[in-house]
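Architecture at a glance
Take a look at the letters that make up each chain.
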Amino acid sequence: LLEMTSAYSGFANAGQRYNTSTIKGINSKYNDKVFVAKNDSSQAISEQGAYLISNILSDNSSRSAVFGNSLTVYGKNYKTIKAAVKTGTTDDSRDAWTIGYTPQIAIGVWVGNNDNTTMTNGGAGMAGPIWTKAMGKVLADVSSTDFPMARGIVQKNICADGSLADAAVAGKTRTEYFISTSLPSSSCSVKPTENKTEEKKDREEDTESEESTPVATKISVTSSPSGSSTRGTSVTFSALLTSAVKG
């Protein structure tokens, strides 16, 4: 349990895992330091990878479909405390685990029978309640347990199949966090497409309107008396013609 909890504490500490020790130090009766535990650390996982794991394990809404609120940590006045958590159960429910953490602390709980007989439930049902109450007590006065976003982490819109979306559309896309150098290779288009049929119809109507525009043409014809007669006067006839031409 100590080793497992120590491993998960690496996620809480931006990928840095520290050595564990049950004894911090030993002094002699003369107050001389006989033993001091080494606080050595190593980068077990990248800072970006640790953030992604913590973001997944602290998503209450995603795990609620399976666990309900059995792993939700509550502080004072039933205020929800954000915490990453993972449960585990061995075959036949002989061992039940719940290990979780925040940037401030990591706590692991194991539940099992001394004679290794089976239990009636697993990690969330047996070890979960102990873990949530312990975390709630320890973190009751902590103002924020949010995990700091690591450099190189970006948030992108994706489609249901995990492809990168070209826009954010309610009901069609969701946002996820990625390492900037490890984005999905496939893409999907959710942008509204223009109705080409309607555009073509509109253009045809405009053309027909232009073709049916009447253009007026005035024609004048003058008629005089025939022959050598001087009687009468000349008469001018005027007509207004219209024709449809393409503009």
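Rules used in this analysis
- Residues numbered from 1 in each chain as written.
- Predicted model: local features only at pLDDT ≥ 70, side-chain atom pairs only at ≥ 80, totals over all residues.
- Heavy atoms only, no water.
- Helix = DSSP H or I, 4+ residues; strand = E, 2+ residues; numbered from the N terminus.
- Buried < 20%, exposed > 50% of the residue type's maximum accessible area, 1.4 Å probe, protein only.
- Contact = heavy atoms within 4.5 Å.
- Areas by Shrake-Rupley, 256 points an atom, 1.4 Å probe, with all protein chains shown as cover.
- Salt bridge = Lys/Arg side-chain N within 4 Å of Asp/Glu carboxyl O.
- pLDDT = per-residue confidence, 0-100.
- Pairing = 2+ DSSP bridges.
- Axes fitted to C-alpha atoms, helices over the stretch in contact; angles between N-to-C directions.
- Phe/Tyr/Trp six-rings, centres within 6.5 Å; stacked < 30°, edge-to-face > 60°.
- Patch = residues over 30% accessible without salt bridge, like charges linked within 9 Å, V, L, I, M, F, W, Y side chains within 5 Å.
- Polar contact = N/O pair within 3.5 Å; in protein donor to acceptor, adjacent residues only side chain to side chain.

So, the overall build of the chain
Check the secondary structure of the chain and you find 5 helices and 15 strands. Residues counted as buried form 22% of the 247 residues belonging to the chain. For the chain, long-range pairs separated by at least 24 residues make up 52% of all intrachain contacts whose partners lie at least 6 apart in sequence. Entry remark: accessible area of the chain is about 17,000 Å², with carbon and sulfur atoms responsible for 51%.

Considerations on the pattern of salt bridges
Using the criterion set out here, one finds 3 salt bridges in the structure. A salt bridge links Lys-76 to Asp-141; the shortest N-O distance between them is 2.6 Å. Of this pair, Lys-76 sits in the loop between strand 5 (73-74) and strand 6 (80-81) while Asp-141 is found in the loop between helix 4 (123-138) and strand 10 (153-158), placing the two residues 65 residues apart along the sequence. Among the salt bridges present, the one from Glu-176 reaches Arg-174, with a minimum N-O distance of 3.2 Å. Among the residues examined, Arg-174 registers a relative accessible area of 40% and is labelled partly exposed.

Some details on the confidence of the model for the chain
Counting all residues, the mean pLDDT for the chain is 83, and 78% of those residues have values of 70 or more. Every residue in residues 228-247 is under pLDDT 50, and counting partners more than four places away or in other chains gives 44 contacts.

Focus: the sheet that holds strand 8 (residues 95-101)
Read from one edge of the open sheet, 3 strands run 7-8-9, paired in antiparallel fashion. The open sheet has two free edges, formed respectively by strand 7 (84-89) and strand 9 (106-112), since each of these has just one partner strand. Strand-to-strand twist in this sheet, taken as the mean axis angle between neighbours without regard to direction, amounts to 10°. Bridge analysis of strand 7 against strand 8 gives 6 bridges, and the strand direction is antiparallel. Bridge assignment links Gly-88 to a residue of strand 8, and that residue is Trp-97. With respect to the sheet, helix 2 (residues 47-57) is in contact with strand 7 and strand 8, its orientation differing from that of strand 7 by roughly 75°.

What about the packing of aromatic side chains?
For the coordinates displayed, the defined rule picks out 6 aromatic pairs. Taking 6.5 Å as the distance between ring centres and 45° as the angle between the ring planes, the aromatic pair formed by Tyr-8 and Tyr-101 counts as tilted. Here Tyr-8, found in helix 1 (residues 2-12), pairs with Tyr-101, found in strand 8; they are 93 residues apart in sequence, far enough to count as distant. Take Tyr-8 and Tyr-101: they sit in the same class, and that class is buried. Three or more aromatic residues joined by ring pairs form one cluster here, namely Tyr-8, Phe-11, Tyr-101 and Phe-147.

Here we look at helix 1
Residues that lie three or four places apart on an α-helix share one face, since the helix turns once every 3.6 residues. Every buried residue of helix 1 is accounted for by Thr-5, Ser-6, Tyr-8, Gly-10 and Ala-12. Two residues or fewer after helix 1 comes Ala-14, characterised by a positive phi angle close to 55°.

Remarks on a nonpolar patch on the surface
Judged by side-chain polarity, Ile-23, Ile-26, Val-34 and Phe-35 come together as a nonpolar surface patch covering roughly 340 Å² of accessible area. As for its placement among the helices and strands, Phe-35 is situated in strand 3 (residues 33-36). Taking relative accessible area as the criterion, Phe-35 reaches 36% and is therefore assigned partly exposed.

Overview of the side chain of Thr-102
In this structure, Thr-102 sits in the loop between strand 8 and strand 9. Overall, Thr-102 belongs to the buried group, its relative accessible area being 0%. Looking at Thr-102, its side chain comes within polar contact range of the side chain of Gln-104, at 2.9 Å.

Topic: the side chain of Ser-163
Along the chain, Ser-163 falls in the loop between strand 10 and strand 11 (164-165). Using a relative accessible area of 4% as the deciding quantity, one classes Ser-163 as buried. Polar side-chain contacts of Ser-163 include one of 2.9 Å to the side chain of Ser-186. Among all residues touching Ser-163, those that are not within four sequence positions of it are Asn-157, Ile-158, Ser-186, Ser-187 and Cys-188.

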